[in-house]
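# Survey of secondary and tertiary structure
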Amino acid sequence: MDDGDRVFKALADPTRRHLLDRLFEHDGRTLTELERELAMSRFGVMKHLKVLEEAALVTTRKQGREKLHFLNPVPIRLIHDRWIDKFTERHVSALADLKHELEKGS
Amino acid sequence: MTASDLTAPLTTTQVYRVYIRATPDAIWAALTDPEWTVRYGYGGYAHYDLRPGGRYYVTPDEAFRAGAEARGNILPEVIIEGEVLACDPPRRLVTTFRMLMDPEIAAEPVTRITHEIDDRGNGTCALTVTHELEGAPKLAMILGGAWEDGGAGGGHAWVLSDLKSLLETGSTMAGAQ
């Protein structure tokens, strides 16, 4: 499995997307804080966080005795730059061509 | 939780990570050599005096300057300045960071940025950028990409995506547009 596969696999699960949403609202949370937001065992949350970490969607940082979890937007940015931009740009340029053709005729 | 924890909100730090198929030396050069830094992201020339206490500053290239001028923003000679706090090539670089492009942002406290390169042993490295942004909410918004639609670029995530593209394919997303 390459890095891109890991990102899509991690994003395919609604609980993991929910965890990313919670970190988007409030970054740098502990496991205990995240656990409180989910109706799930500590072990379950840890398993999901591990998948997110392996995909680099979440990074962690030690602060004193606490381990803080941060949303890493770079893999999503890479998907954006690799896939979304490519297809939206084609739409935009197709519309621009259409406009050009129509205006030429008038 | 201690009193100092309460006065320093945890959420002001931003952490970014990207995996890049390149050697640590190549990534280090892309971060610290102005001939590399001008080729991706915002496109400025980064200059580092790579020793503790050494100066760090970024000057804009012509395209960067012209783009800003077209939006009515006349850039200073130096757009980012800081000081090297720690330097361990090709693994770790810590500097202070102050953006001077806008008077309101320049008035915010000096921030601190750490670049770490970890060789994953499979031909790829993890590059982690940790930016401690205490007391600098405007800079944090720019670096978080919140002002991208206003022409301020997409912040660290955008820069790192572009850097990965440059090192792995020899060209950038920004350059392709």
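Keep in mind that what you see is a predicted model, and the values were worked out from it rather than measured. (Residues numbered from 1 in each chain as written. Chains lettered and ligands numbered in written order. Predicted model: local features only at pLDDT ≥ 70, side-chain atom pairs only at ≥ 80, totals over all residues.)

### Remarks on the overall build of chain A
The helix and strand tally for chain A stands at five helices and two strands. Burial analysis of chain A (106 residues in total) assigns 25% to the buried set. When contacts within chain A are restricted to residue pairs at least 6 apart in sequence, long-range pairs at least 24 apart make up 51% of them. (Helix = DSSP H or I, 4+ residues; strand = E, 2+ residues; numbered from the N terminus. Buried ≥ 20, exposed ≤ 12 C-beta atoms within 10 Å, placed from the backbone. Contact = placed C-beta atoms within 7 Å.)

### What about the pairing of strand β4 (residues 80–88) of chain B?
Residue and element names in this part refer to chain B. Examined bridge by bridge, strand β3 (residues 55–60) and β4 share four bridges and lie antiparallel to one another. Along β4, the bridge assignment pairs Val58 with Ile80. Two strands pair when backbone bridges link them, and β4 and strand β5 (residues 92–99) are joined in this way by six bridges, in the antiparallel orientation. Note that in β5 the partner of Cys87 across the bridge is Leu93. Count of turn residues in the β4/β5 antiparallel hairpin: three residues. (Pairing = 2+ DSSP bridges.)

### Let's talk about helix α4 (residues 42–54) of chain A
Its 13 residues place the ends of α4 of chain A 18 Å apart at the C-alpha level, agreeing with the 18 Å of an ideal helix rising 1.5 Å per residue. Count one or two residues on from α4 of chain A and you reach Ala56 of chain A, which has phi positive near 60°. (Expected span 1.5 Å × (residues − 1).)

### Notes on the domain arrangement of chain A
Residues and elements named next belong to chain A. Split into domains, chain A comes out as domain 1 (1–72) and domain 2 (73–106). Each side of the interface is counted separately: domain 1 has six residues, and domain 2 has four residues. For the side of domain 1 that touches domain 2, a count of residues per class yields five nonpolar, one polar and no charged. (Domains from an automatic or database assignment. Nonpolar A, V, L, I, M, F, W, Y, C, P; charged D, E, K, R; others polar.)

### Looking at the sheet that holds β3 of chain B
Residues and elements named next belong to chain B. With antiparallel pairing, seven strands are arranged side by side in an open sheet as β1-β7-β6-β5-β4-β3-β2. With one partner strand each, in any of the chains shown, β1 (13–20) and β2 (44–48) form the two edges of the open sheet. Taking the axes of each pair of neighbouring strands and ignoring which way they run, one obtains an average angle of 20° across the sheet. Both β2 and β3 contribute to a ladder of five bridges, which runs antiparallel. By the bridge assignment for β3, Ala46 is matched with Val58. Sitting on the sheet, helix α2 (residues 24–32) touches β1, β2, β5, β6 (111–119) and β7 (125–132), and the angle it makes with β6 is about 160°. (Axes fitted to C-alpha atoms, helices over the stretch in contact; angles between N-to-C directions.)

### A word on the nonpolar core
Generally speaking, a soluble globular protein has its nonpolar side chains buried in company with each other. If you look at the biggest cluster of nonpolar residues, it comprises 41 residues, and the most contacted ones within it are Ile20, Ile27, Leu127 and Leu160 of chain B. Counting residues per element, this core draws most heavily on helix α7 (residues 155–169) of chain B, at seven residues. Contacts of Leu160 of chain B, omitting those with residues within four sequence positions, involve Val74 of chain A together with Tyr16, Val18, Leu127 and Val129 of chain B. With six residues, the next largest nonpolar core counts Leu133, Leu139, Ala140 and Ile142 of chain B among its residues. (Core = buried A, V, L, I, M, F, W, Y, C linked by C-beta atoms within 7 Å.)

### Some points on the pairing of β1 of chain B
All names here are of chain B. For β1, the buried fraction is high: eight of the eight residues fall into the buried class. Of the two faces of β1, the one holding Thr13, Val15, Arg17 and Tyr19 and the one holding Gln14, Tyr16, Val18 and Ile20 are both buried throughout. Sheet topology places β1 next to β7; eight bridges connect them, and they run antiparallel. Each residue of the ladder has a partner; that of Tyr16, found in β7, is Val129.

### Points about unusual backbone geometry
In this chain, Pro89 of chain B is followed by Pro90 of chain B through a cis amide linkage whose omega measures -5°. Positionally, Pro90 of chain B belongs in the loop between β4 and β5. The residue Ala56 of chain A is not glycine, and still its phi comes out positive at about 60°. Overall, the presence of 21 C-beta atoms within 10 Å leaves Ala56 of chain A in the buried class.

### What about the interface of chain A and chain B?
The interface is formed by 15 residues belonging to chain A together with 16 residues belonging to chain B. Taken together, the elements giving at least two residues each to the side of chain A that touches chain B come down to β1 (58–63), β2 (66–71) and α5 (74–105) of chain A. Residue contributions to the side of chain A that touches chain B peak at four residues, all from α5 of chain A. For the side of chain A that touches chain B, a count of residues per class yields six nonpolar, four polar and five charged.

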